[in-house]
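Residue-level listing of the chains:
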Amino acid sequence: MPISKRNRTVTLSKAKKKGKEHKEAIVNAIKQALEDYASAYVFTFENMRNQRFKEFREQHKSTGRFFLGSNKVMQIALGRSVADEVKPGIHKLSKFLRGDAGLLCTNLAKEEVQRFQEYEEHDFARTGSIATEKVELKEGPLDQFTHEMEPYLRKQGIPVRLNKGIIELVSNFVVCEKGMPLSPESARTLRLLGIKMATFRLHLVCCWTPEDFEVYNEELDLSDVE
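Here, residues in each chain are numbered from 1, in the same order as that chain's written sequence. Restriction of local features to residues with pLDDT of at least 70 applies here, the model being predicted, together with a cutoff of 80 or more for giving and counting side-chain atom pairs; totals for whole chains, interfaces and linings are based on all residues. To get the side-chain values, take all heavy atoms of the structure and skip hydrogens and water.

> I keep staring at the overall build of the protein chain and nothing clicks. Help me out?
Per the convention used, a helix needs a DSSP run of H or I reaching at least four residues, while a strand needs a run of E reaching at least two, with both numbered from the N terminus. A count of helices and strands for the protein chain gives seven helices and eleven strands. In this analysis, two residues are considered to be in contact whenever any of their non-hydrogen atoms come within 4.5 Å of each other. Residue pairs in contact within the protein chain that sit at least 24 positions apart in sequence constitute 75% of those at least 6 positions apart.

> Mind showing me how you'd approach the pairing of strand 8 (residues 166-169) here?
In summary, the side chains of a regular strand alternate between the two faces of the sheet. Paired strands, as defined in this entry, are two strands with at least two bridges between them according to DSSP. Looking at chain direction, strand 6 (residues 140-141) and strand 8 are connected through two bridges and run antiparallel. Considered in strand 8, the bridge of Pro141 is made with Glu168. Note that strand 7 (residues 160-163) and strand 8 share four bridges and pair antiparallel. Counterpart to Leu162 in the pairing with strand 8 is Ile167. Linking two consecutive strands that pair antiparallel, namely strand 7 and strand 8, is a turn of two residues; a positive phi of about 55° is found at Lys164 within it.

> When you look at helix 7 (residues 184-193) in this model, what are you seeing that I'm missing?
A turn of α-helix holds 3.6 residues, and therefore any two residues three or four places apart point the same way. Those residues of helix 7 that sit buried are Ser186, Ala187, Thr189 and Leu190. Seen end-on, helix 7 carries its buried residues on one side only, within an arc spanning 165°. The elements touched by buried residues of helix 7 are strand 5 (135-137) and strand 9 (173-176). Of the residues trailing helix 7, Gly194 is marked for its positive phi of about 75°. Relative accessibility thresholds used throughout: buried, under 20% of the residue-type maximum; exposed, over 50%; partly exposed, between the two (1.4 Å probe, protein chains only). What the arc measures is the spread of directions leading from the helix axis to the C-beta atoms.

> What exactly am I supposed to notice about the pattern of salt bridges here?
Two side chains of opposite charge can pair, provided their charged atoms sit close to one another. We define a salt bridge as a side-chain nitrogen of Lys or Arg found within 4 Å of a carboxyl oxygen belonging to Asp or Glu. Applying the stated criterion to the full structure yields eleven salt bridges. Lys61 is paired through a salt bridge with Glu58; the nearest N and O atoms lie 2.8 Å apart. For Lys61, a relative accessible area of 53% gives the class exposed. The exposure class assigned to Glu58 is partly exposed, which follows from its relative accessible area of 45%.

> How do you make sense of helix 2 (residues 50-59) when you look at a structure like this?
Among all positions of helix 2, only Arg52, Phe53 and Phe56 are buried. In a view along the axis of helix 2, the buried residues occupy a sector of 95°, so they form one face of it. Summarising the contacts, the buried residues of helix 2 are in contact with strand 1 (39-46), strand 2 (64-67), strand 4 (121-123) and strand 10 (198-209).

Printed below as a string of structure tokens:
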């Protein structure tokens, strides 16, 4: 009788090994990029979207390389102290790899890299994002929706009804309040309405070159950066 595939034992050791190899590959890639490019920057980001960042990175792939992922892995690649840094003074970048941060290695002049901060791409906000404006629907017909959408709209907490095949809002309805976190229902409703409240931006934190180290955000605590 043939052995059932359902009862076959599956080892997870390969998955664990792959994770370690992936981290080593990132470390090696960063070290190589530090050889290939003249300067390195730490940046932070708002409202990261994989597709938006992929497009931005594609625009600049001929002049530099971006790294996102584990801050700890990036710190290991750079070195976290004078004793283990891969380039003189570059361990100072590691101290700024905190939270939503990334690393850029590039040959662009500082003035050109600073223009990255002017880049903005609007997208739909996700659950938990802070509403940038108040959105309120007024009582009356919602002509932008077909009658099939009525059950879905009610599921989002919107007080609607069908009147001769037309969706009507039976009373004014506040989708979100400015400055308040978006609920899952609010985020879905804003997407239905085509309202984009999230803006993808990059902010430069600091820059390393073989000659200099510069911090752009003076509000950061630099007491532990030697």
